[in-house]
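# Tertiary structure, described
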Amino acid sequence: MAEAVSTPKLDTESSLAGKKQALISLSDKRNLALLGNGLQELGYVIVSTGGTASALESAGVSVTKVEELTHFPEMLDGRVKTLHPNIHGGILARRDKEHHREALDKHGIGTFDVVVVNLYPFYDTNHSDVLVVVDSEDYPALLEYLRGGQDDQPFRRRLAWKAFQHVASYDSAVSEWLWKQTGGDKFPPGLTVPLSLKSSLRYGENPHQKAAFYVDKSLSEVNAGGIATSIQHHGKEMSYNNYLDADAAWNCVCEFTKPTCVIVKHTNPCGVASRNDIIEAYRLAVKADPVSAFGGIVAFNVEVDEDLAKDIREFRSPTDGETRMFYEIVVAPKYSKKGLEVLLGKSKTLRILEASKNNRGKLSLRQVGGGWLAQEADDLTPEDIQFNIVSEKAPDEKELHDAQFAWLCAKHVKSNAIVIAKNNCMLGMGSGQPNRRESLRIAMRKAGDEVMGAALASDAFFPFAWNDAVEEACQNGIGVIAEPGGSIRDADAIDCCNKYGVSLVFTNVRHFRH
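Residues numbered from 1 in each chain as written. Predicted model: local features only at pLDDT ≥ 70, side-chain atom pairs only at ≥ 80, totals over all residues. Heavy atoms only, no water.

### Topic: the overall build of the protein
Within the protein, the secondary structure is distributed over 17 helices and 21 strands. Considering only C-alpha atoms, the protein reaches an extent of 100 × 50 × 40 Å along its principal axes. Burial status across the protein gives 46% buried among its 514 residues. Here the protein has roughly 26000 Å² of accessible surface; of this, 50% comes from carbon and sulfur atoms. (Helix = DSSP H or I, 4+ residues; strand = E, 2+ residues; numbered from the N terminus. Buried < 20%, exposed > 50% of the residue type's maximum accessible area, 1.4 Å probe, protein only. Areas by Shrake-Rupley, 256 points an atom, 1.4 Å probe, with all protein chains shown as cover.)

### Some thoughts on the state of the cysteines
With the rule as written, the count across this model stands at 0 disulfides. For the unlinked cysteine cysteine 474, the closest cysteine sulfur is that of cysteine 497, found at 4.1 Å. Of the residues examined, cysteine 474 reaches a relative accessible area of 7% and is grouped as buried. Between cysteine 496, a free cysteine, and cysteine 474, which holds the nearest cysteine sulfur, the sulfur-to-sulfur gap is 4.4 Å. The exposure class of cysteine 496 is buried, given its relative accessible area of 0%. (Disulfide = S-S within 2.5 Å.)

### A closer look at the packing of aromatic side chains
The tally for this structure, following the rule as stated, stands at 8 aromatic pairs. An angle of 50 degrees between the planes, with centres 5.4 Å apart, marks the rings of phenylalanine 256 and phenylalanine 405 as tilted. Taken as a pair, phenylalanine 256 in the loop between helix 9 (240–253) and strand 9 (260–265) and phenylalanine 405 in helix 14 (residues 397–410) lie far apart in primary sequence, 149 residues in all. Comparing phenylalanine 256 with phenylalanine 405 shows no difference in burial state: the two are buried. Ring plane angle 65 degrees and centroid distance 6.3 Å describe the contact between tyrosine 282 and tyrosine 327, whose orientation is recorded as edge-to-face. In this pair, tyrosine 282 is assigned in helix 10 (residues 278–288) and tyrosine 327 in strand 12 (residues 327–332), connecting sequence segments 45 residues apart. Aromatic ring contacts, followed pair by pair, group Tyr282, Phe300, Phe315 and Tyr327 into a single cluster. (Phe/Tyr/Trp six-rings, centres within 6.5 Å; stacked < 30°, edge-to-face > 60°.)

### Notes on the environment of proline 333
Mapped onto the secondary structure, proline 333 falls in the loop between strand 12 and helix 13 (337–344). Proline 333 sits in the partly exposed class, given a relative accessible area of 27%. In this structure the C-alpha to C-alpha distance between proline 333 and leucine 353, which are 20 residues apart in sequence, comes to 8.4 Å. Look past the residues within four positions of proline 333 in its chain and what remains in contact with it is Trp250, Phe300, Asn301, Val302, Glu303, Glu354 and Ala355. (Contact = heavy atoms within 4.5 Å.)

### Observations regarding the sheet that holds strand 3 (residues 64–65)
Across the sheet, 5 strands lie side by side as 3-2-1-4-5; this open sheet has parallel pairing. This sheet does not close on itself; its edge strands, each paired only once, are strand 3 and strand 5 (131–133). Taken together, the 5 bridges between strand 1 (residues 20–25) and strand 2 (residues 44–48) define a ladder with parallel strand orientation. Note on strand 2: the bridge partner recorded for glutamine 21 is valine 45. On top of the sheet, helix 7 (residues 139–148) reaches strand 2, strand 4 (114–117) and strand 5; it is set at about 160 degrees to strand 5, its chief contact. (Pairing = 2+ DSSP bridges. Axes fitted to C-alpha atoms, helices over the stretch in contact; angles between N-to-C directions.)

### Considering the confidence of the model for the protein
Counting all residues, the mean pLDDT for the protein is 90, and 95% of those residues have values of 70 or more. The model gives residues 1–14 a pLDDT under 50, and that stretch makes 19 contacts with residues more than four places away or in other chains. (pLDDT = per-residue confidence, 0-100.)

### Topic: the nonpolar core
Tyr282, Phe300, Ile420 and Ile481 are the most contacted members of the largest nonpolar core, which totals 54 residues. Here this core takes 6 residues from helix 10, the largest share from any one element. Not counting residues within four places of it along the chain, the set of residues in contact with isoleucine 420 comprises Cys425, Met426, Leu427, Gly428, Ala443, Met444, Ala447, Val451, Ala454, Ala455, Leu456 and Ile478. With 45 residues, the next largest nonpolar core counts Val262, Val419, Met426 and Val480 among its residues. (Core = buried A, V, L, I, M, F, W, Y, C linked by side-chain atoms within 4.5 Å.)

### A look at the pairing of strand 4
As defined by bridge partners, strand 1 adjoins strand 4 across 4 bridges and the pair is classed as parallel. Among the inter-strand pairings, leucine 23 is bridged to a residue of strand 4, identified as valine 115. Relative to strand 5, strand 4 is paired through 3 bridges, and the arrangement is parallel. Across the sheet, the residue bridging to valine 116 is valine 133, located in strand 5.

### Considerations on the pattern of salt bridges
If you walk through the whole model with that rule in mind, you get 24 salt bridges. Among the ionic pairs, arginine 313 bridges to glutamate 314, the shortest N-O distance being 3.0 Å. Its relative accessible area of 26% is what places arginine 313 among the partly exposed residues. With relative accessibility at 32%, the residue glutamate 314 sits in the partly exposed group. Measuring nitrogen to oxygen at the nearest pair gives 3.7 Å for the salt bridge that ties arginine 360 to aspartate 384. Residue arginine 360 is found in the loop between strand 13 (351–354) and strand 14 (363–368), and its partner aspartate 384 is found in the loop between strand 15 (371–376) and strand 16 (388–389); the two are separated by 24 residues along the sequence. By relative accessible area, which is 41% here, aspartate 384 ends up partly exposed. Salt bridges linked by common partners bring Arg313, Glu314, Arg316 and Arg324 together as one network. (Salt bridge = Lys/Arg side-chain N within 4 Å of Asp/Glu carboxyl O.)

In structure tokens, the structure reads:
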């Protein structure tokens, strides 16, 4: 057992009676001198521990070390220092209860009116009598409150809320970490997601809806990339819809290994192209659907340099060759100094985001009325699956690559999704239609004459083939079709493709997106 500190007991009647006490024990010691000197000027006896006490003394603040009250040393690397009745009694006692006050007097325990603590960066509270402070940003307000000498209950409750929120977030991080150490299922029996307000938004999906944006502080999200942690270099503040669209564009463009441009409108990619020359990729992405691209979000998976920035700023719409393309957001992993300077001149409102790629293996959450749906993130790429040839005609290497490219694009299009692609470029897509045949017709109309010999990808199987989507695709010149398979009429789809000499591959992977 540790030996008791030899410091003699305090004469509590003479040293503590009638004196205001503040307990300070901090991991985050920012602005500590400001707080300590301010409390001392207000007549508080400051009781502190370990490194906090040393820091206060270095700042010229008189400190009573906690050992002088507990008559016991800090131990276990400082983990045990304030766990003592002489401390907790002074915090938890109700001042309005006479027998509480009598118990304190009997045992020589002084009360604490202010407790300032925060937790170790692993990542209290009787607020009617004790002000609990966990955030260094609150020190000025605390001192102002104490100087005023008023009983501001809303202020006390705000501090108490912040303390409980601080502890809840901390406990959530510990819980998340411990669950992972157990080797348990991906989905724990209980799940707490710590969210931190990043910004209030002008409105939600529509102007009549209030909205805000929160950052996920889960351990799995720390340094794990994504739009939520992106840096905004320029432009108007982000809106609710901006975040949704930017997230969709960024998630899509990060799927590709070659230099790629993705343009998104209402969370659907309307243009996707990969080229060694990123400027060419950008122009092809616009060309896929210039009408939809106007006012959309443009994303790149490579640095935006000066030349690319100039093209983004000056490129005219292919529809008339005159209208300069307009975008809400540009998002990329980085910008050269000159590239950023050029983009700053495009528009005062253009939002310029710098983001890092999302880590794989994240948990995906979605709210429904009264609950949440949780699933693993859809991280599959063409390299993770087999494209099984089921038709008599086998696709050549180029056709198979086109099918893989179309499949990867379709993964990010809302169901029912059809994508037509050729030569690392999306030619047309149909999205969000209640029937797959209508999505096919929209995609073919956008692809135009380029549909001949192109690849078609569907996010789910075709329930019918003859006189339906499969036959219509074959009749219009599609060269290869990629679909999951799994329909009771798969044989019809195979026979139809064989009749028209079209290659058919089954992926055995469905990609619904709602």
